[in-house]
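Secondary and tertiary structure notes
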Amino acid sequence: MTQPQTLPAPRNGGQILIQQLRNHGTRRIFMVAGESYLPCIDALNEHRDAIQAIVCRQESGAAYMAEAQGKLSGEPGICFVTRGPGATNASIGVHTAFQDSTPMILFVGQVGNDFCEREAFQEIDYRRMFGQMAKWVAQIDRTERIPEFIARAFSVATSGRPGPVVLALPEDTLWGIAQVADLPHYARVITRPGAADLAALQQRLEAAQRPFVLVGGSGWTDEALAQVRGFAERFELPVGVSWRRLECFDQRHANFAGHVGWGMHEDLRQRVRDADLLLALGARLGEATTEGYSLVESPRPRQQLIHVHADAGELGRVFQPALAICASNAGMAAGLASLVPTRTPPWATHTREAHATYRATLVPLPSPGAMSLDAAACHVNRVLPAEACVSVGAGNYALYPHRYRQFNGIGSSLAPTVGSMGYGLPAAIAAKLEHPQRAVVCYAGDGCFQMNLQELGVAMQYRLGIVVLVFNNGMWGTIRAHQEREFPARSIALEFDNPDFAQLVRAYRGHGETVSDNAQFEAAFARALAFAEREHLPALIEIRCDADAIAPGETLSAIRARAQQLQRERASTH
Ligand SMILES: Cc1ncc(C[n+]2csc(CCOP(=O)(O)OP(=O)(O)O)c2C)c(N)n1
Ligand SMILES: [Mg+2]
């Protein structure tokens, strides 16, 4: 006979909710306070020993930090925001978690059920608002059902293709009192390939002449990545990482072939195009990775595609694979670990060539002006320890660390595949909180940085020694490049006046310097790293660069000249 369950004492909804988070292993939450969820805030008092509440300055920063926490830990990043205005600010982090397949739970205050549907103060229907950008949106209308909803939120956020969950918390649910049992830690779902799947994969692989492995997606563990590495070594396979999933393969490894997607070099593009078998492990094969579904064509790729993904719904959704295997990355990696080649692979030379070509891209390309971003990024790669974290947001400046930094392992790179600006600083903060011993460097464009620079206050308050490199070109440079390509010499609405960034970080008790040539940069970078480590406060280097340098090996003037040439050619043929 089962024992009758002894129920905890009656608690309010906030107390029940925070206890569930603790039971599911939450160590940190990112929040901006609101009167709409006071009982949750109050309940944090009883969990000071286990849950760190990070007071963020704006909900977009809080949601980005929670998303980055999800990327770093594989567990849902937790964010609390107030209703209406808080939720709308936080939405950028939810969308990022959705496209980046990151486990995350956003808790939003909600008007009480006594007022709902009257468009009460700050009322929004979150099911409709977040419907398309969350895996699951729900409202908890009964206090005693909080444990059930929270347990489900953790399961949904982490299972299959991970993603964000949004839970709305009406006031009456939080203030209500219930006597209800807590639920234990959720069970992580790992799906594994069957023996027949692995046999079919090996048979197709060994029949191929020029296979290529593409690793991406989320839900990886260090162990799983090591198993993929071992598989690549035994079968001597070239391995690329999908767009902005730079952490997925050791770039110093002899089998590493490159970063596949927008901005890749021609040799790599050709290798992926010419592959007779493409083994995609965990990657969704999105628009950026496939360069607009051209490198891998939808619906029927020219390469024989073996697509492995944790969500059956992703298999056959955009691409018709030759072989589809539904397995989580950890489960698939364990399966690959059991495979042993039955013959000497004929493609070993291709693999070595691919790595040699990749290595050649690490030499800085020429650029105009005294301050070469290429050389600076190479320097950062040389001096930064292997386990350091490099974060970016969106903008052409990110091409430099992504080209010249050799990443390796979870947490070495934090980059939104969704390409949303303002991510780098909050992500760097999340990384330093999670790994205080690791160096953390945030690359930011002057535009990108100014989208969330208020979160420097969080770095100051929690004594986080991060280093921020701000590339000051005085404009939304990426969009300028697009303008010059499509509408040459008609650039408008892109330039901005900048503050003195070095001065700005000093207001946050940080260290600030401005450099305008490479001779200054190396010493300044050493000082910034040393300050951050010694003082546990942010350090920032504003890099004044020639605005004509718009991407590695590319200038705005060259883009404009090519576009004008094209216009002349078109005009003469019409
Ligand atoms: C939140 C958000 N707003 C707008 C964009 C469109 N966008 C992409 S890159 C970019 C410019 C980035 O400027 P900056 O950070 O200064 O970097 P730069 O391109 O100058 O290197 C813009 C506006 C975006 N991706 N995300
Ligand atoms: Mg800029």
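Before reading on, note that the structure itself is shown above.
An account of the accompanying structure is given in this report. Quantities reported herein were computed from a predicted structural model and do not represent experimental measurements.

Thresholds applied
Per chain, residue numbering runs from 1 following the sequence as it is written. Following the order in which they are written, the chains are lettered starting with A and the ligands numbered starting with 1. This being a predicted model, a pLDDT of at least 70 is required before a residue's local features are given, and a value of 80 or more before pairs of side-chain atoms are given or counted; all residues contribute to the totals for chains, interfaces and linings. Calculated side-chain values reflect all of the structure's heavy atoms, with hydrogen atoms and water omitted. Strands are runs of DSSP state E lasting at least two residues, helices are runs of H or I lasting at least four, and both sets are numbered from the N terminus onward. A radius of gyration in this sense is built from C-alpha atoms; the matching globule rule multiplies 2.2 Å by the number of residues raised to 0.38. Residue burial is assigned from relative accessible area. The probe radius is 1.4 Å, only protein chains are included, and a residue is buried under 20% of its type maximum, exposed over 50%, and partly exposed in between. Whether two residues are in contact is decided by their heavy atoms: any pair within 4.5 Å suffices. Where accessible areas are quoted, they stem from the Shrake-Rupley method and a 1.4 Å probe; at the residue level, only the protein chains shown are allowed to cover. Counted as positive: Lys and Arg. Counted as negative: Asp and Glu, with His and the chain ends omitted from the count. Charged side chains are reduced to one point each, which is NZ for Lys, CZ for Arg, CG for Asp and CD for Glu. Metal-coordinating donors are taken as N, O and S atoms lying within 2.8 Å of the metal, or within 3.2 Å when the metal is Na, K or Ca; because water is left out, some sites can appear incomplete. Only when DSSP finds a minimum of two bridges between them are two strands counted as paired. An axis is simply a line fitted to the C-alpha atoms; with a helix, the fit covers only the stretch in contact. Between two such axes, the angle follows the N-to-C directions and lies from 0 to 180 degrees. Looking down the strands as they point away from you, a crossover is right-handed if its path from the first strand over the helix to the second goes clockwise. It suffices for a single heavy atom of a residue to lie within 4 Å of a molecule or strand for the residue to be listed as near it. By the criterion applied in these results, polar contacts are pairs of N or O atoms within 3.5 Å in which, for protein atoms, one can donate a hydrogen and the other can accept it, and in which residues neighboring in sequence qualify only through two side-chain atoms. Two kinds of site are reported from a 1 Å grid over the protein atoms alone, namely cavities, where a 1.4 Å probe fits but cannot get out, and pockets, open sets with protein on both sides within 12 Å along at least five of seven lines, and residues are called lining when an atom falls within 4 Å of a point. Grid points are joined across faces, edges and corners, and a volume is the space filled by probe spheres set on the points. Under the grouping applied here, Gly and all other residues not named as nonpolar or charged are polar, the nonpolar ones being Ala, Val, Leu, Ile, Met, Phe, Trp, Tyr, Cys and Pro and the charged ones Asp, Glu, Lys and Arg. By definition, any crossing whose near helix is turned counterclockwise from its far helix by less than a right angle is left-handed, and any crossing with a clockwise turn is right-handed. Excluding any residue in a salt bridge, patches collect residues exceeding 30% relative accessible area, merging like charges within 9 Å and nonpolar Val, Leu, Ile, Met, Phe, Trp and Tyr side chains within 5 Å. One speaks of a salt bridge when a side-chain nitrogen belonging to Lys or Arg is within 4 Å of a carboxyl oxygen belonging to Asp or Glu. Two rings belonging to Phe, Tyr or Trp (six-membered ring only in the last case) form a pair when the distance between their centres is within 6.5 Å. Interplanar angles under 30 degrees mark stacking, angles over 60 mark edge-to-face geometry, and anything in between is tilted. Our definition puts a charge over a ring when NZ of Lys or CZ of Arg is within 6 Å of the ring centre and also within 35 degrees of the ring normal.

Re the overall build of the protein
- Check the secondary structure of the protein and you find 21 helices and 22 strands.
- Taken against the 2.2 N^0.38 rule, which gives 25 Å for 574 residues, the C-alpha radius of gyration of the protein at 25 Å falls within 12% of a compact globule.
- Classification of the 574 residues of the protein by burial places 58% in the buried group.
- Summarising the internal contacts of the protein: among those between residues at least 6 apart in sequence, 77% fall at separations of at least 24.
- On the protein, roughly 22800 Å² of surface is accessible, and the fraction owed to carbon and sulfur atoms is 51%.
- Across the protein, the mean location of the 53 positive side-chain charges is 3 Å away from that of the 57 negative side-chain charges.

Notes on the coordination of the magnesium ion (ligand 2)
- Those protein atoms acting as donors to the magnesium ion (ligand 2) are Asp-446 (OD), Asn-473 (OD1) and Met-475 (O), and they sit at 2.1 to 2.3 Å.
- Between the donor residues of the magnesium ion (ligand 2), the gaps in sequence give the motif D-x26-N-x1-M. With a gap of 27 residues between them, Asp-446 in helix α16 (residues 446-451) and Asn-473 in the loop between β18 (467-472) and α18 (477-486) connect regions that are remote in the sequence.

Considering the sheet that holds strand β13 (residues 304-309)
- Spatially, 6 strands are ordered β11-β10-β9-β12-β13-β14 in an open sheet, and the strand pairing comes out parallel. Edge positions in the sheet fall to β11 (256-259) and β14 (323-326), since each has one partner strand and no second. Shown here is a sheet whose adjacent strand axes are inclined to one another by a mean of 20°, direction ignored.
- In terms of strand pairing, strand β10 (residues 239-241) meets β11 through 3 bridges, oriented parallel. When the sheet's bridge partners are listed, Val-241 is paired in β11 with His-259.

A short note on the pairing of strand β9 (residues 211-215)
- Where burial is concerned, most of β9 is hidden: 5 out of the 5 residues are buried.
- Going residue by residue along β9, you find Pro-211, Val-213 and Val-215 tucked away on one face and Phe-212 and Leu-214 tucked away on the opposite face as well.
- As judged from the 5 bridges shared by β9 and strand β12 (residues 277-281), these two strands associate in the parallel manner. Within β12, the residue paired with Pro-211 across the bridge is Leu-277.
- Chirality of the crossover, the property in question, places the unit of β9, helix α9 (residues 222-234) and β10 among those that are right-handed.

As for the sheet that holds strand β20 (residues 539-544)
- As summarised here, the arrangement of the 6 strands in space is β16-β15-β17-β18-β20-β19, forming an open sheet in which the pairing is parallel. Two strands close off the open sheet at either side, each with one partner strand: β16 (413-414) and β19 (511-515).
- In this structure, β18 lies alongside β20, joined through 6 bridges in parallel fashion. Across the sheet, Val-470 pairs through a bridge with Glu-542, a residue of β20.

Side note on the site of ligand 1
- In the region of ligand 1, 19 residues are neighbours, and Gly-419, Asp-446, Cys-448, Gly-477 and Thr-478 sit closest.
- Backbone polar atom of Gly-447 to an oxygen atom of ligand 1: 2.9 Å apart, as the coordinates give it.
- The contact in question runs from an oxygen atom of ligand 1 to an N or O atom on the backbone of Met-475, over 3.1 Å.
- Here ligand 1 loses 77% of its free accessible area of 580 Å² to cover by the protein chains.

So, the side chain of Arg-480
- By the element assignment, Arg-480 lies in helix α18.
- In this structure Arg-480 comes out as buried when scored by relative accessible area, which is 14%.
- Of the polar contacts made by the side chain of Arg-480, one reaches the side chain of Ser-491; its length is 3.4 Å.
- When residues no more than four places from it in sequence are discounted, the contact partners of Arg-480 are Met-475, Ser-491, Leu-494, Glu-495, Leu-556 and Arg-560.

Here's the deal with the pairing of β18
- Burial within β18 is extensive, with 6 of its 6 residues counted as buried.
- Burial along β18 is two-sided: Val-467, Leu-469 and Phe-471 facing one way and Val-468, Val-470 and Asn-472 facing the other are all buried.
- Across 5 bridges, the pairing between strand β17 (residues 440-445) and β18 is parallel. Across the sheet, the residue bridging to Cys-442 is Val-468, located in β18.

Considerations on the layout of surface pockets
- Of the volumes computed, that of the second largest pocket is approximately 280 Å³.
- Taken together, 16 residues form the lining of the second largest pocket, with Lys-432, Gln-437, Arg-438, Ala-439 and Glu-533 sitting closest to its centre.
- Considering every element that reaches the lining of the second largest pocket, the biggest residue donor is helix α20 (residues 518-535), with 3 residues.
- Each residue belonging to the lining of the second largest pocket can be placed in one class, and the counts come to 8 nonpolar, 3 polar and 5 charged.

Some remarks on the packing of helix α1 (residues 13-23) against helix α6 (residues 146-158)
- Where α1 contacts α6, the two axes come as close as 9 Å, and the packing angle between them is 35°. As α1 packs across α6, the resulting crossing turns out to be right-handed. Between α1, through Gly-13, Ile-16, Leu-17, Gln-20 and Leu-21, and α6, the contact on the second element is made entirely by Ile-146, Pro-147, Ile-150 and Phe-154.
- In the contact of α1 with α6, the residues fall into 7 nonpolar, 2 polar and no charged.

A word on a nonpolar patch on the surface
- Where nonpolar side chains cluster on the molecular surface, the patch consists of Met-451, Trp-476 and Ile-479 and spans about 260 Å² of accessible area.
- By the secondary structure assignment, Trp-476 is in the loop between β18 and α18.
- On the basis of relative accessibility, which here comes to 32%, the residue Trp-476 falls in the partly exposed class.

With respect to the packing of aromatic side chains
- The full count for this structure, using the stated rule, is 17 aromatic pairs.
- Where Trp-136 meets Phe-149, the ring centres are 5.9 Å apart and the plane angle is 15°; that geometry is what we call stacked. Here Trp-136, found in strand β6 (residues 136-139), pairs with Phe-149, found in helix α6; they are 13 residues apart in sequence, far enough to count as distant.
- Ring geometry for Phe-249 versus Phe-256: centroids 6.4 Å apart, planes at 15°, classification stacked. Taken individually, Phe-249 and Phe-256 each receive the classification buried, so the pair is uniform in this respect.
- Clustering of aromatic rings is evident, with ring pairs tying together Tyr-397, Tyr-400, Tyr-443 and Phe-471.
- The ring of Trp-136 carries the charged tip of Arg-152 above its face, separated from the ring centre by 4.0 Å.
- If you follow Arg-161 out to its NZ or CZ, it ends over the ring of Phe-98, 5.4 Å from the centre.

Observations regarding the pattern of salt bridges
- Per the counting criterion, the structure on display carries 27 salt bridges.
- Where Glu-35 meets Arg-83, a salt bridge forms, and the shortest distance between an N and an O atom there is 3.4 Å. Placement of the pair is Glu-35 in the loop between β2 (28-31) and α2 (38-43) and Arg-83 in the loop between β4 (77-81) and α4 (84-99), with a sequence separation of 48 residues.
- What emerges from the salt-bridge pattern is a single network uniting Arg-480, Glu-484, Glu-495 and Arg-560.

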